[in-house]
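These are the residues of each chain, in order.
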Amino acid sequence: MKTKYLAYFASFTVLMVALSFHSPSAQASTITVNTTDDELSTDGDCSLREAFVAANDNTATDACAAGSTTEDTIEIPAGTYTLSLAGTAEDDAATGDLDLIWSGYSSAQFNLVGAGSGSTTIDGNGLDRVIHVVSSSQSLSVSGMTIKGGTTDEFGGAIYVADSKSDLSLDD
C-alpha cells in the first residue's frame, strides 16, 4: 500500500514540475523600435509597424521582441515615423493605420512611449487614421510624441478607440 502512495506522489510531483515549465509568461514586454522605415519585412530591424504586430500576436516579428499577455510597451526613439504602406479596411496593422487588437491572448494594456512631443512624431501621411484600438477592454497610453497626418471618412483621424470599454490616456 505504501508503494502505491509513493508512486502516486512521484507521478504528481513530476506532473507539477512539468507544468511549471509550460506556464505562459505573465511578465510585461518592452518592444524597442530601431528604424523609422514603415515596413513589415524580415530585414533585421524593428519598425513601428512590426512592433505593433509583435505586440498584437505575442510573437517576435523581424527584430522586434515578442509581446506579452499582460502589458506591452513600445518604445519609440526620437525621429519621424511616416506611415507609407497604403491600405484601409484591415485590422491587422499590415497596411494603413497601426491597429491594436485584443485577440484573447494579446495584451490588454499598451503603452506607446516616445522621446518627447518635439522629438518623436508619427505621421499618418494622409493614408488612413494613425492608430486604431480595434477591440474592447483595451487600454492605450500614449506619451512623449506628436501624432499627425491621419485621415478618415469616419471617426478618429489620429487615434480611434472603437469601443467604450477601452481607455485612452494621452500625456506629453
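What counts and how
All chains use their own residue numbering, which begins from 1 and follows the written sequence. Owing to the predicted nature of the model, reporting of local features is limited to residues with pLDDT of at least 70; listing and counting of side-chain atom pairs is limited to 80 or more, with chain, interface and lining totals taken over all residues. Each side-chain value is derived from all of the structure's non-hydrogen atoms; neither hydrogens nor water enter the calculation. By definition, any uninterrupted DSSP run of H or I lasting at least four residues is a helix, any uninterrupted run of E lasting at least two residues is a strand, and each is numbered from the N terminus. Think of it in three bands: with a 1.4 Å probe and only protein chains considered, a residue is buried below 20% of the maximum accessible area for its type, exposed above 50%, and partly exposed in between. Any two residues whose heavy atoms approach within 4.5 Å are treated as being in contact. Residue burial considers only the protein chains on display, and all accessible areas are found by Shrake-Rupley using a 1.4 Å probe.

Examining the overall build of the chain
Within the chain one finds 2 helices and 11 strands. Counted from the first residue to the last, the chain has its helices and strands arranged as α-β-α-β-β-β-β-β-β-β-β-β-β. Split into buried and exposed, the 172 residues of the chain put 39% on the buried side. Within the chain, contacts between residues at least 6 apart in sequence are counted, and of these 69% link residues at least 24 apart. Roughly 8900 Å² of accessible area belongs to the chain as shown, and the carbon and sulfur atoms make up 54% of that amount.

Some points on unusual backbone geometry
Although it is not a glycine, Asn58 adopts a positive phi angle of roughly 60°. By relative accessible area, Asn58 is classed as buried at 17%. In the Ramachandran plot, Asn125 falls in the positive-phi region, its phi being about 60° despite a non-glycine side chain. Residue position: Asn125 is located in the loop between β6 (120-123) and β7 (131-133). Taking relative accessible area as the criterion, Asn125 reaches 42% and is therefore assigned partly exposed.

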